[in-house]
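# Structure assessment
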Amino acid sequence: MHIINIEEDRIGLRFGVTQEKRLVLLAVTEGKSSRQAAMQETAFEQKDGAEAGNEEAFREYAPLEAMITGENCPEDRMGNQLIHTSLAVKLRYEGHERKEWPDGTESIFSLKDPDTGMAARLHYRFYTDLNVISCYTELENQGKEPQGLEAVTSFSLHGLERGGNLPYEERFRLHLIHNGWQKELQWHAYRFSELGLTASQKPGRYNSTKFISVTNTGAWSTKQYLPMGILEDEETGKYLAWQIEHNGSWHWEIGEHAGQLYLKTAGPTEQYAHWYKELEPGETFVSVPAAVAYGCGRADEAARALTAYRRRIRRENEDDRKLPVIFNDYMNCLWGNPTTEEELPLIDMAAACGCEYYCIDCGWYSAGEWWGNVGEWLPSQERFPKTEAFPEGLKSLLSYIRQKGMAPGLWLELEVMGLNCPLAKEKPDEWFFMRHGKRVREKTRYQLDYRNPEVRKFASGVIRRLVEDYGVGYIKMDYNIEPGPGTDQNADSAGDGLLEHQRAYLSWLDGIFAKYPDLVIENCGSGGMRMDYAMLRRHSIQSTSDMEDYRMYATIAVNAPLALTPEQAAVWSYPLNAGDEEETIFNMVNVLLLRIHQSGHLFRLGEACQALIREAISWYQATREDRREALPFWPLGFGTYYDTWTALGMRGKKRDYLAVWRRGGEEASCRLPLPDYAGRKLRIRCAYPADRPVDFSWDAQKAELTVAFPEAFMARLFEIENLS
């Protein structure tokens, strides 16, 4: 076997080419900058003996899986697993090339099946100073006949358990992030056996129809899970993490095959998402991108690696650099019933508290019930009448927001049109998702089809009017329906229609940001139902939830850095009770290490609570420069909704920041391990609120910070400086 080592700065890949010219991916490795890399390579060669000709053991290590309609899957394929697929076993290696990029390199492997004429190019993108690879697959039909695609992987790795000796049930913990409306960011860790994958066969014989899979079908990409996972190897001290960067249907699976464990990641497939693509001669299909991180450490180290990678790939923008404070009138406030009269005291108080964006949420375009009327995006004269003080209605109110020193914002839902919208009756079926000859209807809305250039033109016109005529600088772009597997109109399948629509929407979004680079567009999908890095490569800020209970929101805040960069994570703060100062503090601690999404009837609060809000926003603004590139850490581990104590830290340039919450329970104190500070002298202060301190102590020998919160529901923000 000929070995190809791709060694970059922090991560590498080890390929082999067999005597029959099959390309196999043998391992993800540490990069050349790591001293451990050499040790790892030596151990690999001694254990596997690939160079000695032991090729049979690696014949299943295909770096690509692709299902071709009508082609045979060999007899050892098991059930509906995404392994040993029809094209994967036929592709032959033709060569590879290396490209230089300003911030890294790219390796591209070329493969071809001489029988069907299908050619594959496997792209692996490496980044300077990052232990993360971004990858995708191109398939080109270089033959003479059309070929049907049923599945194409973005990343494929066999032999997950190589390099250790313990049974895989004992070695591995799989970290998943469950998601749901008002249940966002539920972290859980599992042994494989807890998910039904148990080694019932002796080592080297693993082969089963049972596998662990996580799938999304539809346009809400994160309605049940985040498109990511972290595999923690407790024997070797390594992790493997992955994320699928797509705003629609996706799939990944871990299972047993040919005596080894494997990982496959993909976008939509026919098996799971009604996706089928007819590839004509000369036509190319590109898979959805995925990213893979590998390194030493536990799951929290994987989260930090992904944080750094996410910052590298997202669109450069001023919003994530300046981190302004947003006020939005919706949550536990106006609830989609805005009027000039209701907005004025909110605007005045938001400005007085230091907010820098002010967003009028849903309802501004329709009198009374507005849900089924969305689509024209013209201001309601009833809600915002023309008066002497506001001669142009809503437009004048937006000017008033600017006069108060804030950028005005409006809520939109530009991917849908209500059943009661007059435009929906005027526009042809080509504007909308169709299945089986009928328009798709969901929650009293139609789904617009962004493959249609007229739809994109209409949407661009709405943005132009709001930005250029109304002076809007912030848009909350919501998305509140799940239209199912897709549209079969002008598509090879419903899943094909959805994939092309989603890509057309992203292309449209790219055009909007190119035209209006300073426009801030918040990504929202009924909260966090589309929290993926197809969207977050472009959007600077993401709604994390519609959670209405501030006490439960602490868990979402703690786990937000698992899903996205902290500065993109918009978290609600909405103090409710006029006299409850601890409630106000709890709300503000929820947001201080992420992005402030302030709401609530602040002018109804008492002076003490208002002062606490101003203090929190002032602290946030004074420290945001230090926290802009901060990396997260979790002294108590990732959060769950049933934790009575939870905590989130950020490592800034000058100091560390630590938010701690108590949420019920009998224990009035908590010990927080800070192993990185073992034996060190620290300066620790309760930074917020500054004049309501709590008891705390630092034990340098045990590397523990102990805090005492006498009330059942309390939160505090600490600053930590290393003096040694």
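The shown structure was predicted, so the numbers you read here are calculated from the model rather than taken from an experiment. (Residues numbered from 1 in each chain as written. Predicted model: local features only at pLDDT ≥ 70, side-chain atom pairs only at ≥ 80, totals over all residues. Heavy atoms only, no water.)

## What to know about helix α4 (residues 299-313)
Where we set the bar: Each helix corresponds to a stretch of at least 4 residues labelled H or I by DSSP, and each strand to a stretch of at least 2 residues labelled E; elements are numbered beginning at the N terminus. For a helix, the expected span equals 1.5 Å multiplied by the number of residues minus one. Each residue is assigned to one of three classes by its accessible area relative to the maximum for its type, calculated with a 1.4 Å probe on protein chains only: buried under 20%, partly exposed between the two thresholds, exposed over 50%.
Across its 15 residues, α4 extends 21 Å between first and last C-alpha, which sits within 8% of the 21 Å expected from 1.5 Å per residue. Counting buried positions along α4 gives 11 out of 15 residues, so the element sits mostly inside the fold.

## Things to note about the side chain of N328
Keep this limit in mind: In protein, a polar contact means a hydrogen-donor-capable atom and an acceptor-capable atom, both N or O and within 3.5 Å, with residues adjacent in sequence counting only if both atoms are side-chain atoms; elsewhere, any N or O pair within 3.5 Å suffices. It only takes one pair of heavy atoms within 4.5 Å for two residues to be counted as in contact.
One can find N328 in strand β20 (residues 326-328). For N328, a relative accessible area of 0% corresponds to the buried category. Side chain to side chain, N328 and D361 meet in a polar contact 2.9 Å long. Sequence-distant contacts of N328, that is, excluding residues within four places in its chain, are made with C359, D361, K476, W572, H597, Q598 and S599.

## Brief notes about the UniProt feature "domain: Glycosyl hydrolase family 36 N-terminal" (unreviewed entry) in the protein chain
The test is simple: UniProt positions are given in the numbering used here, feature names are shortened, and annotations may be inferred rather than shown by experiment.
UniProt tags residues 88-158 as "domain: Glycosyl hydrolase family 36 N-terminal" (unreviewed entry). Measuring from the first to the last C-alpha atom of residues 88-158 gives 13 Å, for a span that is 0% helix and 72% strand.

## Notes on the packing of aromatic side chains
This is how the line gets drawn: Between rings of Phe, Tyr and Trp, where Trp is taken as its six-membered ring, a pair exists when centres lie within 6.5 Å; planes separated by under 30 degrees are stacked, by over 60 edge-to-face, and by other angles tilted. The criterion is that NZ of a Lys, or CZ of an Arg, lies within 6 Å of the ring centre and within 35 degrees of the ring normal, and then a charge sits over that ring.
Under the criterion given, the structure shown has 32 aromatic pairs. With 5.3 Å between their ring centres and 75 degrees between their planes, W364 and Y365 make a pair best called edge-to-face. As far as the burial class goes, W364 and Y365 line up, both buried. Sitting above the plane of the F513 ring, R315 keeps its charged end 3.7 Å from the centroid. The ring of W371 carries the charged tip of R445 above its face, separated from the ring centre by 3.6 Å.

## Some remarks on the sheet that holds strand β39 (residues 704-708)
Applicable threshold: Pairing between strands requires that DSSP locate at least two bridges from one strand to the other. Each axis is a line fitted through C-alpha atoms, and for a helix only the stretch in contact is used; angles between axes span 0 to 180 degrees, taken between their N-to-C directions.
Within the open sheet, the three strands sit side by side as β36-β39-β38. Their pairing is antiparallel. Here the strands that pair on one side only, and so sit at the sheet edges, are β36 (669-673) and β38 (695-699). Neighbour to neighbour, the strand axes of the sheet diverge by 15 degrees on average, direction disregarded. Note that β36 and β39 share five bridges and pair antiparallel. Across the sheet, residue R671 finds its bridge partner in β39, namely T706.

## Concerning the nonpolar core
Nonpolar side chains tend toward joint burial in soluble globular proteins. Selection criterion: By nonpolar core is meant a set of buried Ala, Val, Leu, Ile, Met, Phe, Trp, Tyr and Cys residues that side-chain atoms within 4.5 Å join together.
Ranked by size, the top nonpolar core spans 143 residues in total, and within it W364, W377, L412, L414, I463 and W508 carry the most contacts. Considering every element that reaches this core, the biggest residue donor is helix α12 (residues 550-563), with nine residues. Setting aside anything within four residues of it in sequence, one finds I463 in contact with L412, L414, I475, M477, W508, I512, Y516 and L519. Among the nonpolar cores identified, the runner-up in size contains 56 residues, and I4, Y93, F155 and L157 belong to it.

## Re helix α14 (residues 607-627)
Heads up, the rule is: The term bend refers to the angle at a residue between two fitted axes, each drawn through seven residues, those ending there and those starting there.
In this model α14 runs 29 Å from its N-terminal to its C-terminal C-alpha over 21 residues, within 8% of the 30 Å that 1.5 Å per residue would give. By the largest-angle criterion, Q621 marks the main kink of α14, which is about 35 degrees. Along α14, the residues classified as buried are C609, Q610, L612, I613, A616, I617, W619, Y620, T623, R624, D626 and R627.

## A short note on the sheet that holds strand β2 (residues 11-17)
On the basis of which strands lie adjacent, the open sheet formed by three strands has the order β1-β2-β3 and antiparallel pairing. At either end of the open sheet lies a strand with only one pairing partner, and these are β1 (2-7) and β3 (23-30). Shown here is a sheet whose adjacent strand axes are inclined to one another by a mean of 20 degrees, direction ignored. Two elements, β1 and β2, share six bridges in a ladder whose sense is antiparallel. Considered in β2, the bridge of N5 is made with R14.

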